[in-house]
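# Results of the structural survey
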Amino acid sequence: MRRIAVVVALSFLMLQSSPVSTQPFGPFPRPPVVLNGCSESALFAVLNSDAGKECLRTLLPRFGNVASDYSVFCSGARFGCCTKANGLSYCKIEGLIPLQRTQRPPLSAKPG
(Lines give C-alpha, C1' and ligand atoms only; values in the text may rest on other atoms or scores of the structure.)
Protein backbone atom coordinates (compact mmCIF):
# COMPACT_ATOMS: atom_id res chain seq x y z
CA MET A 1 0.00 0.00 0.00
CA ARG A 2 2.82 2.31 0.83
CA ARG A 3 4.45 1.66 -2.59
CA ILE A 4 1.23 2.56 -4.39
CA ALA A 5 1.02 5.85 -2.48
CA VAL A 6 4.64 6.68 -3.38
CA VAL A 7 4.07 5.82 -7.07
CA VAL A 8 0.90 7.96 -7.19
CA ALA A 9 2.66 10.86 -5.46
CA LEU A 10 5.65 10.69 -7.85
CA SER A 11 3.34 10.45 -10.87
CA PHE A 12 1.44 13.50 -9.68
CA LEU A 13 4.68 15.47 -9.23
CA MET A 14 5.91 14.46 -12.70
CA LEU A 15 2.65 15.60 -14.29
CA GLN A 16 2.86 18.97 -12.56
CA SER A 17 6.43 19.57 -13.69
CA SER A 18 5.89 18.51 -17.33
CA PRO A 19 5.97 21.37 -19.85
CA VAL A 20 2.62 22.55 -21.12
CA SER A 21 2.25 23.73 -24.70
CA THR A 22 1.32 27.39 -25.00
CA GLN A 23 0.80 27.18 -28.77
CA PRO A 24 -2.69 28.07 -29.99
CA PHE A 25 -4.79 25.28 -31.38
CA GLY A 26 -4.83 25.11 -35.14
CA PRO A 27 -3.21 23.30 -38.01
CA PHE A 28 0.18 25.06 -37.87
CA PRO A 29 1.58 28.21 -36.31
CA ARG A 30 2.15 31.09 -38.75
CA PRO A 31 5.69 31.27 -40.10
CA PRO A 32 7.73 34.27 -38.93
CA VAL A 33 7.78 37.37 -41.12
CA VAL A 34 11.06 37.86 -42.97
CA LEU A 35 10.45 40.80 -45.34
CA ASN A 36 7.55 43.29 -45.58
CA GLY A 37 4.89 40.86 -44.35
CA CYS A 38 6.28 37.88 -46.31
CA SER A 39 7.38 34.69 -44.60
CA GLU A 40 10.44 32.87 -45.93
CA SER A 41 8.37 30.19 -47.67
CA ALA A 42 6.01 32.78 -49.18
CA LEU A 43 8.98 34.80 -50.44
CA PHE A 44 10.49 31.75 -52.16
CA ALA A 45 7.10 30.86 -53.68
CA VAL A 46 6.62 34.43 -54.94
CA LEU A 47 10.08 34.73 -56.46
CA ASN A 48 9.68 31.36 -58.23
CA SER A 49 6.32 32.37 -59.77
CA ASP A 50 6.06 34.05 -63.19
CA ALA A 51 5.08 37.43 -61.69
CA GLY A 52 7.89 37.18 -59.14
CA LYS A 53 10.44 36.41 -61.84
CA GLU A 54 9.20 39.43 -63.80
CA CYS A 55 9.60 41.54 -60.66
CA LEU A 56 13.17 40.27 -60.22
CA ARG A 57 14.00 40.81 -63.86
CA THR A 58 12.64 44.35 -64.25
CA LEU A 59 12.32 46.12 -60.89
CA LEU A 60 14.58 44.60 -58.24
CA PRO A 61 18.37 45.01 -58.32
CA ARG A 62 20.51 42.01 -59.09
CA PHE A 63 23.17 42.95 -56.55
CA GLY A 64 22.78 43.99 -52.90
CA ASN A 65 24.75 47.21 -53.27
CA VAL A 66 22.48 48.62 -56.04
CA ALA A 67 19.70 50.92 -54.82
CA SER A 68 16.12 50.26 -55.89
CA ASP A 69 12.85 52.04 -55.20
CA TYR A 70 10.95 48.70 -55.23
CA SER A 71 10.58 45.75 -52.89
CA VAL A 72 8.33 42.70 -52.43
CA PHE A 73 5.38 43.14 -50.05
CA CYS A 74 2.88 40.52 -48.83
CA SER A 75 -0.54 40.84 -47.27
CA GLY A 76 -2.70 37.78 -46.68
CA ALA A 77 -2.62 35.74 -49.88
CA ARG A 78 -1.55 38.71 -52.07
CA PHE A 79 1.91 39.91 -52.97
CA GLY A 80 3.19 42.85 -54.93
CA CYS A 81 6.36 44.33 -56.32
CA CYS A 82 5.76 47.83 -54.97
CA THR A 83 7.53 51.10 -54.21
CA LYS A 84 9.25 51.05 -50.84
CA ALA A 85 7.76 54.42 -49.87
CA ASN A 86 4.10 53.48 -50.54
CA GLY A 87 4.05 49.73 -49.88
CA LEU A 88 1.04 47.81 -51.19
CA SER A 89 -0.77 50.99 -52.19
CA TYR A 90 1.37 51.39 -55.35
CA CYS A 91 2.51 48.17 -57.03
CA LYS A 92 3.80 47.60 -60.56
CA ILE A 93 3.33 43.82 -60.42
CA GLU A 94 0.72 42.08 -58.26
CA GLY A 95 -0.38 38.49 -57.81
CA LEU A 96 -1.45 35.76 -55.41
CA ILE A 97 1.09 33.87 -53.35
CA PRO A 98 1.33 30.38 -54.90
CA LEU A 99 0.17 27.68 -52.50
CA GLN A 100 2.15 24.47 -52.56
CA ARG A 101 0.43 21.70 -50.64
CA THR A 102 2.43 18.89 -49.16
CA GLN A 103 1.80 15.52 -50.76
CA ARG A 104 0.67 12.78 -48.40
CA PRO A 105 0.95 9.10 -49.23
CA PRO A 106 -2.40 7.37 -49.73
CA LEU A 107 -3.79 5.38 -46.85
CA SER A 108 -3.62 1.66 -47.38
CA ALA A 109 -6.21 -0.79 -46.16
CA LYS A 110 -3.58 -3.34 -45.17
CA PRO A 111 -0.47 -1.90 -43.52
CA GLY A 112 2.81 -3.54 -44.18
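Keep in mind the model is a prediction, meaning the values are calculated, not measured.

The subject of this paragraph is the overall build of the chain. Scanning the chain from terminus to terminus reveals 3 helices and 5 strands. For the chain, the residues scored as buried account for 22% of the 112 residues in total. Relative to all contacts within the chain whose residues are 6 or more apart in sequence, the contacts with residues 24 or more apart total 29%. As presented, the chain carries roughly 9,700 Å² of accessible surface, and 60% of it is formed by carbon and sulfur atoms.

Now for the nonpolar core. One broad rule of soluble globular proteins: the nonpolar side chains tend to lie buried together. Counting 14 residues, the largest nonpolar core has Cys-55, Leu-60, Val-72, Cys-81 and Ile-97 as the members making the most contacts within it. Where this core is concerned, the elements lending two or more residues are helix H2 (40-48), strand E3 (70-75) and strand E4 (78-83). In this structure Ile-97 touches Ala-42, Val-46, Cys-74, Gly-76, Ala-77, Arg-78 and Phe-79, once residues within four positions along its chain are discounted.

Across all of its chains, the model carries 2 salt bridges by this definition. The partner of Glu-54 in a salt bridge is Arg-57, and the shortest N-O contact between them spans 2.7 Å. Highlighted residues: Glu-54 and Arg-57, both in helix H3 (residues 50-58), separated by 3 residues, approximately one helical turn. A residue is classified by how much of its surface remains accessible, and Glu-54, at 31% relative accessible area, is partly exposed. In this structure, Arg-78 and Glu-94 form a salt bridge, with 3.3 Å as the shortest nitrogen-oxygen distance. Taken together, the residues Arg-78 in strand E4 and Glu-94 in strand E5 (residues 91-96) connect sequence positions 16 residues apart. A residue is classified by how much of its surface remains accessible, and Arg-78, at 36% relative accessible area, is partly exposed.

On average, the chain scores 76 in pLDDT, and the residues at 70 or more come to 62%. For the stretch residues 17-23, pLDDT sits under 50, and the model shows 1 contact to residues farther than four places along the chain or on other chains.

Moving on to H2. Given 3.6 residues per helical turn, the α-helix brings residues three or four places apart onto the same face. Taken residue by residue, H2 has Ala-42, Leu-43 and Val-46 as its buried positions. Seen from one end, H2 has its buried residues packed into an arc of 100°, which puts them on one side. Exposed and oriented more than 90 degrees from the buried face of H2 are Phe-44 and Asn-48. On its buried face, H2 sits against strand E1 (33-35), strand E2 (38-39), H3, E3 and E4.

Right, let's talk about the state of the cysteines for a bit. Between two cysteines, a covalent bond joining their sulfur atoms is known as a disulfide. Per the stated rule, a full pass over the model turns up 3 disulfides. Disulfide pairing places Cys-82 opposite Cys-91 at an S-S distance of 2.0 Å. Residues Cys-82 and Cys-91 are joined through a disulfide that is right-handed, its torsion about the S-S bond being 75°. Here Cys-82 matches Cys-91 in class, with each residue buried. If one numbers only the bonded cysteines of the chain, in the order they occur, the disulfide pattern is 1-3, 2-4, 5-6.

Criteria and cut-off values
- Residues numbered from 1 in each chain as written.
- Predicted model: local features only at pLDDT ≥ 70, side-chain atom pairs only at ≥ 80, totals over all residues.
- Heavy atoms only, no water.
- Helix = DSSP H or I, 4+ residues; strand = E, 2+ residues; numbered from the N terminus.
- Buried < 20%, exposed > 50% of the residue type's maximum accessible area, 1.4 Å probe, protein only.
- Contact = heavy atoms within 4.5 Å.
- Areas by Shrake-Rupley, 256 points an atom, 1.4 Å probe, with all protein chains shown as cover.
- Core = buried A, V, L, I, M, F, W, Y, C linked by side-chain atoms within 4.5 Å.
- Salt bridge = Lys/Arg side-chain N within 4 Å of Asp/Glu carboxyl O.
- pLDDT = per-residue confidence, 0-100.
- Arc of directions from axis to C-beta.
- Disulfide = S-S within 2.5 Å.

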